[in-house]
Amino acid sequence: MSSINQVPDPEVPAKARSRRYSATYKARILAEYESLDKAGKGALLRREGLYTSLISAWRAQRDQAAMAALAKPAGRPPADPAERENAKLRKENERLQAELDKARKVIEVQGKLSALLGQLATDSPSIGSEPTP
């Protein structure tokens, strides 16, 4: 008895949402649509719940994307001048750092050699003198 007296919930969304279709779905439907005859096209549209205006819009999108891809220049995109300058400066900085490290090592070796020669000069007897027995 309580199920007869219940009022159905008339919940309706405040604003209808339009359906969204993925690119793979659009491509699959377009390929299938274009391979069918007139009766088959109508059956496809009814089965999928689509309109011919959607098919036309999807064709235009496909053709526009193809034209944009063909109009794109071949090869690498031109580099940003600031980015190119930054890369050049980074490379030069690395080269200068390597030179500086090499120069520091040379100076270190020269210092050690100078100290060793100075120590040898003070420790050894003068050259050309005979040792005394």
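Let us look at the structure shown here. (Residues numbered from 1 in each chain as written. Predicted model: local features only at pLDDT ≥ 70, side-chain atom pairs only at ≥ 80, totals over all residues. Heavy atoms only, no water.)

Some details on the overall build of the chain
The criterion, for reference: Numbering of helices and strands starts at the N terminus; helices are DSSP runs of H or I of at least 4 residues and strands are runs of E of at least 2. Any two residues whose heavy atoms approach within 4.5 Å are treated as being in contact. Accessible surface area values rest on a Shrake-Rupley calculation with a 1.4 Å probe, where residue burial reflects the displayed protein chains alone.
A count of helical and extended segments in the chain gives five helices and zero strands. When the helices and strands of the chain are listed from N to C terminus, the series reads α-α-α-α-α. The long-range fraction of contacts in the chain, counting pairs at least 24 apart against all pairs at least 6 apart in sequence, stands at 53%. Per element, the accessible surface of the chain, about 12300 Å² overall, is 59% carbon and sulfur.

Thoughts on the pattern of salt bridges
Threshold: Salt bridge, as used here: a side-chain nitrogen of Lys or Arg that lies within 4 Å of a carboxyl oxygen of Asp or Glu.
According to the stated counting rule, one finds eight salt bridges in the structure shown. In this structure, Glu-34 engages Arg-62 in a salt bridge whose closest nitrogen and oxygen atoms are separated by 3.2 Å. With a gap of 28 residues between them, Glu-34 in helix α2 (residues 23-34) and Arg-62 in helix α4 (residues 52-71) connect regions that are remote in the sequence. Members of the salt-bridge network, linked through shared partners, are Glu-34, Arg-59, Arg-62 and Asp-63.

Focus on the packing of aromatic side chains
Stated precisely, the cut-off is as follows: Between 30 and 60 degrees the pair is tilted, below 30 it is stacked and above 60 it is edge-to-face, where a pair is any two Phe, Tyr or Trp rings, Trp via its six-membered ring, whose centres lie within 6.5 Å. Relative accessibility under 20% of the residue-type maximum defines a buried residue, over 50% an exposed one, and the middle range a partly exposed one, all with a 1.4 Å probe and only protein chains included.
For the coordinates displayed, the defined rule picks out three aromatic pairs. Ring centres 5.5 Å apart and planes at 10° place the aromatic pair Tyr-21 and Tyr-25 in the stacked group. Residue classification places Tyr-25 among the buried positions, given a relative accessible area of 15%. Judged by centre distance (6.1 Å) and plane angle (80°), the ring pair of Tyr-25 and Trp-58 falls under edge-to-face. With Tyr-25 in helix α2 and Trp-58 in helix α4, this residue pair connects regions lying 33 residues apart in the sequence. Grouping residues by exposure puts Tyr-25 and Trp-58 together as buried. Through successive ring pairs, a cluster of aromatic residues spans Tyr-21, Tyr-25 and Trp-58.

Some remarks on the side chain of Lys-26
Operational definition: Only four residue types enter the tally: Lys and Arg on the positive side, Asp and Glu on the negative side; His and the chain ends are excluded.
Residue position: Lys-26 is located in helix α2. Of the side chains with opposite charge, Asp-63 comes closest to the buried, unpaired Lys-26, at an N-O distance of 13 Å. Residues contacting Lys-26, with those up to four places away along its chain left out, are Tyr-21, Trp-58 and Gln-61.

What about the nonpolar core?
For clarity, the threshold we go by: Buried Ala, Val, Leu, Ile, Met, Phe, Trp, Tyr and Cys residues that are joined via side-chain atoms within 4.5 Å together make up what is termed a nonpolar core.
Counting residues in hydrophobic clusters, the biggest one holds nine residues: Tyr-25, Ile-29, Leu-30, Tyr-33, Leu-44, Leu-45, Leu-50, Ile-55 and Trp-58. Every element with two or more residues in this core is listed here: α2, α3 (38-48) and α4. The biggest single contributor to this core is α2, with four residues. Leu-50 has contacts with Arg-19, Tyr-21, Tyr-25, Ile-29, Leu-45 and Trp-58, leaving out every residue within four places of it along the chain.

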